[in-house]
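# A look at the structure
One-letter residues, chain by chain:
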Amino acid sequence: MFTGIIQEIGRVQALKATSTGKKLEILCPKIAKDLELGDSVAIDGACLTVEKKLKNGFECTAIPETITKTKFKNLEKGTMVNLETSLRYGGKVSGHLVTGHVDTTAKITNILKKNNKYEIEIEAPSTIKKYIATKGCVTINGISLTVKEKKEKKFSIALIPFTLQETNLGTAKKGDLVNLEIDLIARYLFENK
């Protein structure tokens, strides 16, 4: 379980196809010192397991299901990724409850930069559209965000300068794919409707 509050922007140091998926080597000196074998880490919102500790990072494997459901199918060496270690019981929840189970990818359709205003518009795939609500929670690349506005096929999120500086959404471009996880409460409220 995670909160959607990013702790570090890491970098994919190495990427290797294996018989079980893709082996990732992630450089992340800030969080690496506290990682243990078997820990869960959300990488751009996808929960993966620390399989090997490195001096300034860790190794993990993205299995075919993860690759299919996430933007990891396009992952390259050097890609900057949002990282969050798992929530500890009794810890502070500054975002919202996030499972790390990415539902789908979505495309950034527009970026609005005007004065001090920064908004990103994202297409809402039909499979998740009913779970998106204005003022509701959504997780984009592992970041806990609030939906500013929902339109028929799109929704928008407003970003503060801190989020732009501390996450990989600060370098996002129109047309980029993002990992999207719907709100946990919305999932169970609307699953059978």
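Look up: the structure comes first, before these words.
Residues numbered from 1 in each chain as written. Predicted model: local features only at pLDDT ≥ 70, side-chain atom pairs only at ≥ 80, totals over all residues. Heavy atoms only, no water.

### A closer look at the sheet that holds strand S9 (residues 117-123)
Spatially, the six strands close up into a barrel ordered S8-S9-S12-S11-S10-S13, and their pairing is antiparallel. Direction aside, neighbouring strands of the sheet carry axes that sit 45 degrees apart on average. Relative to strand S13 (residues 177-182), strand S8 (residues 104-114) runs antiparallel, the two being bridged by four bridges. What sits directly across from Ala-106, in S13, is Val-178. (Pairing = 2+ DSSP bridges. Helix = DSSP H or I, 4+ residues; strand = E, 2+ residues; numbered from the N terminus. Axes fitted to C-alpha atoms, helices over the stretch in contact; angles between N-to-C directions.)

### Quick word on the sheet that holds strand S3 (residues 40-43)
Whenever strands of a sheet pair, they do so through backbone hydrogen bonds, lying parallel or antiparallel. Read across the sheet, seven strands follow the order S4-S3-S7-S1-S2-S6-S5 without closing on themselves; strand pairing throughout is antiparallel. Lying at the two open borders of the sheet, with one neighbouring strand each, are strand S4 (46-49) and strand S5 (52-54). Taking each pair of neighbouring strands and ignoring which way they run, the sheet shows an average axis angle of 40 degrees. Inspection of the sheet shows S3 paired to strand S7 (residues 80-85) by three bridges, in the antiparallel sense.

### Brief notes about the pattern of salt bridges
If you walk through the whole model with that rule in mind, you get eight salt bridges. In this structure, the salt-bridge partner of Glu-119 is Lys-117, at a minimum N-O distance of 3.8 Å. A relative accessible area of 42% means that Lys-117 is categorised as partly exposed. A salt bridge links Asp-176 to Lys-173, with the nearest nitrogen and oxygen atoms 3.7 Å apart. We classify Asp-176 as partly exposed; its relative accessible area is 23%. Within this structure, Lys-117, Glu-119 and Lys-148 form a network of salt bridges that share partners. (Salt bridge = Lys/Arg side-chain N within 4 Å of Asp/Glu carboxyl O. Buried < 20%, exposed > 50% of the residue type's maximum accessible area, 1.4 Å probe, protein only.)

### Some points on the pairing of strand S10 (residues 137-140)
Across four bridges, S10 lies against strand S11 (residues 143-150) in antiparallel orientation. Its bridge partner being in S11, Thr-139 is matched across the sheet by Ser-144. Counting the residues that bridge the hairpin from S10 to S11 gives two residues, and of these Asn-141 lies at a positive phi of roughly 50 degrees.

### Regarding empty space enclosed by the protein
Evaluation of the coordinates by the stated rule reveals one cavity of 30 Å³ or more. Along the walls of the largest cavity sit Leu-35, Asp-39, Ser-40, Thr-85, Ser-86 and Arg-88, which together make up its complete lining. Classifying every residue of the lining of the largest cavity gives one nonpolar, three polar and two charged. (1 Å grid on protein atoms, 1.4 Å probe; cavity = no way out; pocket = protein on both sides within 12 Å on 5 of 7 lines; lining within 4 Å. Points joined across faces, edges and corners; volume = space filled by probe spheres on them. Nonpolar A, V, L, I, M, F, W, Y, C, P; charged D, E, K, R; others polar.)

### As for the layout of surface pockets
Approximately 430 Å³ is the volume attributed to the largest pocket. Lining of the largest pocket is provided by 18 residues; of these, Lys-71, Thr-79, Met-80, Asp-176 and Leu-177 occupy positions nearest its centre. Considering only residue class, the lining of the largest pocket consists of seven nonpolar, six polar and five charged. Taken as a whole, the second largest pocket spans an internal volume of roughly 350 Å³. As for the second largest pocket, its lining consists of 16 residues, of which Ile-5, Ile-143, Ser-144, Phe-162 and Thr-163 are closest to the centre. The element best represented in the lining of the second largest pocket is S11, accounting for four residues. Taken together, the residues of the lining of the second largest pocket break down into eight nonpolar, six polar and two charged.

Without other data, these values stay purely geometric and don't point to any function.
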